[in-house]
Amino acid sequence: MAGIGFELRRLLQQDSYLGLLRAYSYAGIIGSGPWVLSILAVMALGMISASTQQDASWHVTEFLVSVTWLVAASLIFTGLVQLLFTRFVADRLFENRAERVLPNLLGLLTLVTLAAGTLGLAAMPAFAGTGLIYRLEMVVAFVLLSNIWCVAVFVAGVKAYHQVLGAFALGYGATLGAGLLLRDLGLEGLLGGFVLGQGLLLYSLLFMVIRHYPSERLWAFDLHRRGQRHLSLILIGLSYNLGIWVDKLAFWFNPDTSESIIGPLRAAPIHDLPLFLAYLSIVPGMAVFLMRMETDFAERCSAYYEAVRGGDTLEHIEIQRSQMITSVRRGIYDIFKVQGITILALLLAGPALLDWLGFSAWYLPLFNIFLVAVGIQVLFMAILNVLFYLDRLRPALCLCLLFAGTNLGLTVVSQQLGPAFYGYGYALALLITSLVGLGMLDREFQRLTYQTFMLQPPFSPPRGPRLTPEA
């Protein structure tokens, strides 16, 4: 999200309540808009199709489960390269070598397309019994989604946020429109609409990248070169995405909590529906998260490293460090405050909300615990964000591994304890990881100046730009 801080600070400089409201609204839309649009579009397509067609509910279920598995598999798969490529782009922009971005992006997309296509084709025999068109659509959708995640993680760097949001609105609007037009074809029609929408989204994002990063070279792949491979970034991306999805996989693969939907794909409706609904509640927390991280903290962090690079006095460097710590504490406090109020309001409104959406009251206990869990997830993301800014990749990797491990272990334990404990594994894993992460942040800040001066190689050039968390 490089550069968004400038726009947010410009809005805050208006020194009015309207400017403050616009800044938080802007941060919420930019930070959460794309995935909120995706969830709403896919859910709307399923609900409209089920309500307007008789005997369509099973096709809708098959469609929603297929899309969920596609998203999970593509995110875990591309987690291997997302952060790696974002760091590569950040380093090239810091070196004023923007012409290397486009050919390396096309090189990465070529590699991802070949690997994702091979994996998809290899998985086709597992879907024996389903139609050939459905299987081909699944392979194409997997390839498209894998490419979209690779482009989307750094496309915000073009600083054309309205265009990025517009591209997602266009892509998921096309998904909804094409799906409704093709819904008479059943599952293949709904999935065909999804493929058309994702294709439009990918090429819209690529068009923006080509416009902002022109290059005379068409193709390159420098990520394999020595010095470009950061094993910790590969493992962080993989373990973070695994951590996010491992509890869902545990419920899907457990025959006591799931049911077979289509081919090898399974779903756990009692677990999945309240979780995805609860995810919509983190919009306010994400707005605060983006505001505080990309304005206060980014500014303080930049001032600290400028003081270090400029040879400032130790006393002034320590003042800058202290102000950076204060900005982090203020940001975490604001996340607690805003997300806490949101959770409290939704806990009170939960029964009426589920009734309005037509969901059973059986979902309410899980919905409540997931509201708390996804709220803690915002805190976890903020902690990772700070570690990325400080270029502390080893603690970030330890946190992601801890999250993935505890989420799997505690989820399995919750399954053994019974339905009353479902969801607590995910929530406790996030709570434990966040508390450990806060302790790590304290330690890293205490040792920051020492490490900055003493653990760098002699006469080393200034370090490149830090990773941003949305990367």
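Cut-offs used in this document
Residues numbered from 1 in each chain as written. Predicted model: local features only at pLDDT ≥ 70, side-chain atom pairs only at ≥ 80, totals over all residues. Heavy atoms only, no water. Helix = DSSP H or I, 4+ residues; strand = E, 2+ residues; numbered from the N terminus. Buried < 20%, exposed > 50% of the residue type's maximum accessible area, 1.4 Å probe, protein only. Contact = heavy atoms within 4.5 Å. Axes fitted to C-alpha atoms, helices over the stretch in contact; angles between N-to-C directions. Parallel < 35°, antiparallel > 145°, perpendicular 65-115°, else oblique. Left-handed = near helix turned anticlockwise from the far one by under 90°. Nonpolar A, V, L, I, M, F, W, Y, C, P; charged D, E, K, R; others polar. Pairing = 2+ DSSP bridges. Expected span 1.5 Å × (residues − 1). pLDDT = per-residue confidence, 0-100. Patch = residues over 30% accessible without salt bridge, like charges linked within 9 Å, V, L, I, M, F, W, Y side chains within 5 Å. Areas by Shrake-Rupley, 256 points an atom, 1.4 Å probe, with all protein chains shown as cover. Salt bridge = Lys/Arg side-chain N within 4 Å of Asp/Glu carboxyl O. Core = buried A, V, L, I, M, F, W, Y, C linked by side-chain atoms within 4.5 Å. Bend = angle between axes of the 7 residues up to and from the residue. Phe/Tyr/Trp six-rings, centres within 6.5 Å; stacked < 30°, edge-to-face > 60°. Lys NZ or Arg CZ within 6 Å of the ring centre and 35° of its normal.

### Some points on the overall build of the protein chain
Point 1. Of regular secondary structure, the protein chain possesses 16 helices and two strands.
Point 2. Burial statistics for the protein chain: of 471 residues in total, 54% are counted as buried.
Point 3. Counted over contacts in the protein chain with a minimum sequence separation of 6, partners at least 24 positions apart contribute 80%.

### Observations regarding the packing of helix α4 (residues 82-94) against helix α5 (residues 101-123)
Point 1. Where α4 contacts α5, the axes come no closer than 11 Å and their chain directions differ by 165 degrees. By the angle class used here, α4 and α5 are roughly antiparallel. As α4 runs across α5, the sense of the crossing is right-handed. For the pair α4 and α5, contact is made by Phe85, Phe88, Val89 and Leu93 and by Val101, Asn104, Leu105 and Leu108, respectively.
Point 2. Its residues assigned to classes, the contact of α4 with α5 comprises seven nonpolar, one polar and no charged.

### With respect to the packing of helix α12 (residues 314-357) against helix α15 (residues 424-446)
Point 1. Where α12 meets α15, the closest approach of the two axes is 11 Å, and the angle between their N-to-C directions is 165 degrees. With respect to each other, α12 and α15 are oriented roughly antiparallel. Judged by the twist between their axes, the crossing of α12 over α15 is right-handed. Listed contacts from α15 to Arg321, Met324, Ile325, Val328, Arg329 and Ile332 of α12 are Leu438, Leu441, Asp442, Phe445 and Gln446.
Point 2. Within the contact of α12 with α15, the residues separate by chemical class into seven nonpolar, one polar and three charged.

### Side note on the side chain of Asp334
Point 1. Along the chain, the position of Asp334 falls in helix α12.
Point 2. Exposure remark for Asp334: the relative accessible area of 8% places this residue in the buried category.
Point 3. The residues contacting Asp334, other than those within four sequence positions of it, are Val288 and Arg292.

### Comments concerning the pairing of strand β1 (residues 259-262)
Point 1. Sheet topology note: the β1/strand β2 (residues 265-267) ladder contains three bridges and is antiparallel. In the sheet register, Ile262 faces β2, and the bridge partner there is Leu265.
Point 2. Count of turn residues in the β1/β2 antiparallel hairpin: two residues, of which Gly263 carries a positive phi of about 55 degrees.

### Points about the environment of Ala128
Point 1. Mapped onto the secondary structure, Ala128 falls in the loop between α5 and α6 (132-155).
Point 2. Measuring from C-alpha to C-alpha, the distance between Ala128 and Pro264 comes to 9.1 Å, with 136 residues separating the pair along the chain.

### A closer look at helix α14 (residues 393-417)
Given 3.6 residues per helical turn, the α-helix brings residues three or four places apart onto the same face.
Point 1. Given a rise of 1.5 Å per residue, 25 residues ought to cover 36 Å, and the 36 Å separating the end C-alpha atoms of α14 matches this to within 8%.
Point 2. Following α14 by one or two positions, Gly418 adopts a phi angle in the positive range, close to 115 degrees.

### Brief notes about the confidence of the model for the protein chain
Point 1. Residue-level pLDDT values for the protein chain average 84, and 86% of them are 70 or greater.
Point 2. Mean pLDDT across the elements of the protein chain ranges from a minimum in helix α1 (residues 4-12), with 61, to a maximum in α14, with 95.

### A short note on a nonpolar patch on the surface
Point 1. On the surface, a cluster of nonpolar side chains totalling about 770 Å² of accessible area is made up of Val413, Leu417, Phe421, Tyr424, Leu428, Leu431, Ile432, Leu435 and Val436.
Point 2. Looking at the nonpolar patch, the element that brings in the most residues is α15, giving six residues.
Point 3. Using a relative accessible area of 35% as the deciding quantity, one classes Ile432 as partly exposed.

### Quick look at the pattern of salt bridges
Side chains bearing opposite charge may pair, as long as their charged atoms lie close to each other.
Point 1. Inspection of every chain in the model, using the stated rule, returns 12 salt bridges.
Point 2. For the salt bridge of Arg92 with Glu95, the shortest nitrogen-to-oxygen distance reads 2.9 Å.
Point 3. In this structure Arg92 comes out as buried when scored by relative accessible area, which is 4%.
Point 4. Linking Glu444 and Arg392 is a salt bridge whose minimum nitrogen-to-oxygen distance equals 3.0 Å. Of this pair, Glu444 sits in helix α15 while Arg392 sits in the loop between α13 (364-389) and α14, placing them 52 residues apart in sequence. The pair Glu444 / Arg392 is uniform in exposure class, with both members buried.
Point 5. It is possible to trace a salt-bridge network through shared partners that takes in Arg392, Arg443, Glu444 and Arg447.

### A short note on the nonpolar core
Point 1. Counting residues in each nonpolar core, the largest one holds 131 residues, and the members touching the most others are Phe63, Val151, Phe194, Leu205, Phe297 and Phe445.
Point 2. Top contributing element to this core by residue count: α13, with 20 residues.
Point 3. Beyond its immediate chain neighbours, meaning those up to four positions away, Phe194 contacts Val42, Phe63, Val67, Leu70, Ala141, Leu145, Tyr172 and Thr175.

### Some remarks on α12
Point 1. Taken as a whole, α12 carries its principal kink of about 60 degrees at Ala349; the proline Pro351 stands between one and four residues after it.
Point 2. At the exit of α12 stands Gly358, carrying a positive phi of roughly 85 degrees.

### Here's the deal with the packing of aromatic side chains
Point 1. The tally for this structure, following the rule as stated, stands at 14 aromatic pairs.
Point 2. An angle of 85 degrees between the planes, with centres 5.3 Å apart, marks the rings of Phe297 and Tyr389 as edge-to-face. Of this pair, Phe297 sits in helix α11 (residues 283-309) while Tyr389 sits in helix α13, and the two are 92 residues apart along the sequence.
Point 3. Judged by relative accessible area, which is 10%, Tyr389 ranks as buried.
Point 4. Through pairs of rings, three or more aromatic residues link up here, namely Trp69, Trp245, Trp252 and Phe253.
Point 5. The ring of Tyr426 carries the charged tip of Lys248 above its face, separated from the ring centre by 4.4 Å.

### Description of unusual backbone geometry
Point 1. With a phi angle near 60 degrees, Asn96 is a residue other than glycine that sits in the positive phi range.
Point 2. Topologically, Asn96 is positioned in the loop between α4 and α5.
Point 3. Of note, Asp391 is a non-glycine position whose phi angle comes to about 60 degrees, a positive value.
Point 4. For Asp391, the location among the structural elements is in the loop between α13 and α14.

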